[in-house]
Amino acid sequence: MTSSTAPTFRVPQGPTTRPTLQGTFGMTASTHWIATACAQAVLERGGNAFDAATAGAFVLHVVEPHLNGPGGDMTGLFQTAGGSEPVVMVGQGPAPAAATIEHYRAEGLTRVPGTGALAAAVPTAVDAWLKLLAEQGTWELADVLAFAIDLAEQGHPVLARVAAQIASLEEMFTEHWPSSAALWMPEGRAPEPGELVRNPEYAAVLRDLVAAGESVPDDAADPRADRIETARERWRTGPVAEAVDAFVRIPHRHSDGADHAGVITAEDVAGTEATFERAATADFRGFTIAKTGPWGQGPVLLQALRILDGFDDDHLDPATDLGAHTILEALKLALADRDAHYGDREVDLGTLLGEEYSAARRALITERASHEFRPGALGAGPPPLPPLVTEEEFARSVAGVVDHGAGEPTVRPSGEARGDTCHIDVVDRWGNIISATPSGGWLQSSPTVPGLGFCLGTRLQMMWLDPELPSALVPGRRPRTTLTPTLVLKGGEPVMACGSPGGDQQDQWQLLFLLRVLVGGLELQQAIDAPALHTTSMPGSFWPRTWSPGQAVVEDRLGEQLLRALEARGHELVRAGDWALGRLSAVARDPRTGVLSAAANPRGAQGYAAGR
């Protein structure tokens, strides 16, 4: 989506790191160049956006194993060519049947651990991708999975970040998670950057799914879809479910420093299917923004936009101290509502996005930075609040306890990157478009399940062991995930798909990007390259769930004058370096001309876009 007018926001000095790609055939952007290349290859061979995104997603399991895996989760948003509305892909599994607050407290826990099988929701990402392929794709399962199978069997040059992550876990793997050591350290050491890494066990899992589908005869009513549906059934009820059930019964080390058995069973896996649902939407400056419902954090972006919609444009430019301050304060209010109200239950989203409520929240923004946690009230009385614990307070409470892993491999409060989630966007020549954020099940989540080549995710760490809170741990409920892709529509037609890894920062970084493109007129690559910032003034979604009142993490490229002005307003800044924050990618389509565009994040030299 390229602006046809001169930008009204400040544009970063100098050329962009890459061009904003343009064409009319198809565009792909993702967090790893191999996934982008494979997805684009599907488009080039006649596949549609959903075939391509599915192929790319399974490749991400292989090439970014420190950031996602088949035992994790995903959320996506798509709209078909000529479709009437955006659709949410719910690849976020629920808490297992035995995941009760009483059980976890009986294990001596006050929080859901950040690592280990007790933090595992039912893995649903694979089922979601197969559902999409069956219902909206055109390719056979064998052809879609061929890219991931080849990379897992023949190997791929391992990223330096993957090698570093494995090296940092060498003691943990050797002493506590030997099945992970066997997979990731087969020669008794971490791989070197660029060394070929293979995962034949995961390749065998994928080949088994293909073989299951091949039992469907060619003269079936819809043999392609039936083959994929048979593979879905195999995933939920076959060797994967059986192996998970058997393995988690063995106690293993968790992030609290103790050994626990997991509670997930084969029945949990068999009884959980991915679903599609209507998107939550809000209007902003003539566009409609589509997100997940409030069972995830998606409405945070919608609430922030509704708050900001009442300000003039000069309050919305992140490159000015007025804009950066206003954006940070709006985000604090939206995130406070997230932690006080969101969850897999009935949430009054109509009120949260309504003009009266948004105006009341907007009126709380002053010229000074707030250091308070200020959720709004829905109904009678104040909402129950999550624990507000700083990092220093948490450190004192666990003095002497070794931290055996952490919640999410994302950006530290200091801005130091230790990984992230994944993301992929695809748009094709027919107008099909998809934005998806796969995550969870990263190699440091929990021990590798023998025979499968992957581990379980840890999304339950986003649930509280307090029944009064909206995101309390309840069997069958989905954790309030941070995974939050975005579709943008104009006049009912999709014009852009975007997203970012980054945990609690995902919607924050996307907000900057959208403001720069939709209001400021920047091109996609300009907006992605532009310096970023975010607030940490809310309880973190990942173990150990701490907060930093009034703190903002900033890229130094915002400029000394702007940063000093933010400090003068009362923001406590953590300077992250010049190129540290944001992992965005995006594709776009102009419905008037059919011109497609794409861009990807240069930070970390990993994400790439491709197209023609």
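Refer to the structure presented above.
Here is what the cut-offs are and how they apply
- Residues numbered from 1 in each chain as written.
- Predicted model: local features only at pLDDT ≥ 70, side-chain atom pairs only at ≥ 80, totals over all residues.
- Heavy atoms only, no water.
- Buried < 20%, exposed > 50% of the residue type's maximum accessible area, 1.4 Å probe, protein only.
- Helix = DSSP H or I, 4+ residues; strand = E, 2+ residues; numbered from the N terminus.
- Arc of directions from axis to C-beta.
- Contact = heavy atoms within 4.5 Å.
- Core = buried A, V, L, I, M, F, W, Y, C linked by side-chain atoms within 4.5 Å.
- Salt bridge = Lys/Arg side-chain N within 4 Å of Asp/Glu carboxyl O.
- Disulfide = S-S within 2.5 Å.
- Phe/Tyr/Trp six-rings, centres within 6.5 Å; stacked < 30°, edge-to-face > 60°.
- Lys NZ or Arg CZ within 6 Å of the ring centre and 35° of its normal.

*Asks:* Got a sec to walk through helix α6 (residues 160-168)? Specific residues and values, please.
*Replies:* Taken together, the buried positions of α6 are Val 162, Ala 163, Gln 165 and Ile 166. Buried residues of α6 fall within an arc of 160° about the axis and therefore sit on the same side. Along its buried surface, α6 packs onto α2 (49-63), α7 (170-175) and α8 (178-184).

*Asks:* With reference to specific residues and values, describe unusual backbone geometry.
*Replies:* Negative phi values dominate among residues other than glycine, just as trans dominates among peptide bonds. With an omega dihedral of 10°, the bond running from Trp 543 to Pro 544 counts as a cis peptide bond. Examined against the element boundaries, Pro 544 turns out to sit in the loop between β16 (533-535) and β17 (551-554). Non-glycine residue Ala 605 carries a positive phi angle of around 50°. You can call Ala 605 exposed: its relative accessible area is 53%.

*Asks:* Account for the environment of Ala 530, with residues named and values stated.
*Replies:* Examined against the element boundaries, Ala 530 turns out to sit in the loop between α19 (524-529) and β16. On a C-alpha basis, the gap between Ala 530 and Gly 213 in space is 46 Å, while along the polypeptide they are 317 residues apart. In this structure, Ala 530 is in contact with Pro 12, Arg 516, Glu 555, Arg 557 and Arg 603, ignoring residues within four places of it in sequence.

*Asks:* Got a sec to walk through the nonpolar core? Specific residues and values, please.
*Replies:* Within the largest apolar cluster, 71 residues are counted, with the highest numbers of intra-cluster contacts made by Phe 58, Val 59, Trp 129 and Ile 434. With 11 residues, the single largest contributor to this core is α2. Those residues in contact with Trp 129, other than ones at most four positions away along the chain, are Ala 53, Thr 54, Ala 57, Phe 58, Met 74, Met 89, Ile 424, Ile 434, Ala 436 and Pro 438. Membership of the second largest hydrophobic core comes to 66 residues, among which are Leu 328, Leu 333, Leu 353 and Val 553.

*Asks:* Tell me about the pattern of salt bridges, and please be specific about residues and values.
*Replies:* Once the charged atoms of two side chains with opposite charge are near each other, the side chains can pair. Enumeration according to the criterion identifies 38 salt bridges in this entry. The closest approach of N and O atoms between Glu 44 and Arg 612, which form a salt bridge, is 3.0 Å. With a gap of 568 residues between them, Glu 44 in helix α1 (residues 33-44) and Arg 612 in the segment after β21 (608-611) connect regions that are remote in the sequence. Put simply, Asp 127, Glu 229, Arg 232, Glu 233, Arg 236 and Glu 273 are held in one network by salt bridges that share partners.

*Asks:* Account for the state of the cysteines, with residues named and values stated.
*Replies:* Summed over all chains, the structure comprises 0 disulfides. Here Cys 498 stays free of any disulfide, with the sulfur of Cys 422 as its closest cysteine sulfur at 17 Å.

*Asks:* Account for the packing of aromatic side chains, naming residues and giving values.
*Replies:* For the structure shown, the criterion picks out 7 aromatic pairs. Ring centres of Tyr 202 and Phe 454 lie 5.9 Å apart, and the angle between their planes is 85°; this geometry places the pair in the edge-to-face category. One end of the pair, Tyr 202, is in helix α9 (residues 200-213); the other, Phe 454, is in the loop between β13 (433-439) and β14 (486-490), and 252 residues separate them in sequence. Residue classification places Tyr 202 among the buried positions, given a relative accessible area of 2%. Taken together, the ring pairs connect Phe 50, Phe 78 and Phe 276 into an aromatic cluster. The ring centre of Phe 276 lies 4.7 Å from the NZ or CZ of Lys 131, which sits over that ring. Its end group placed over the ring of Trp 579, Arg 557 keeps NZ or CZ at 3.5 Å from the ring centre.

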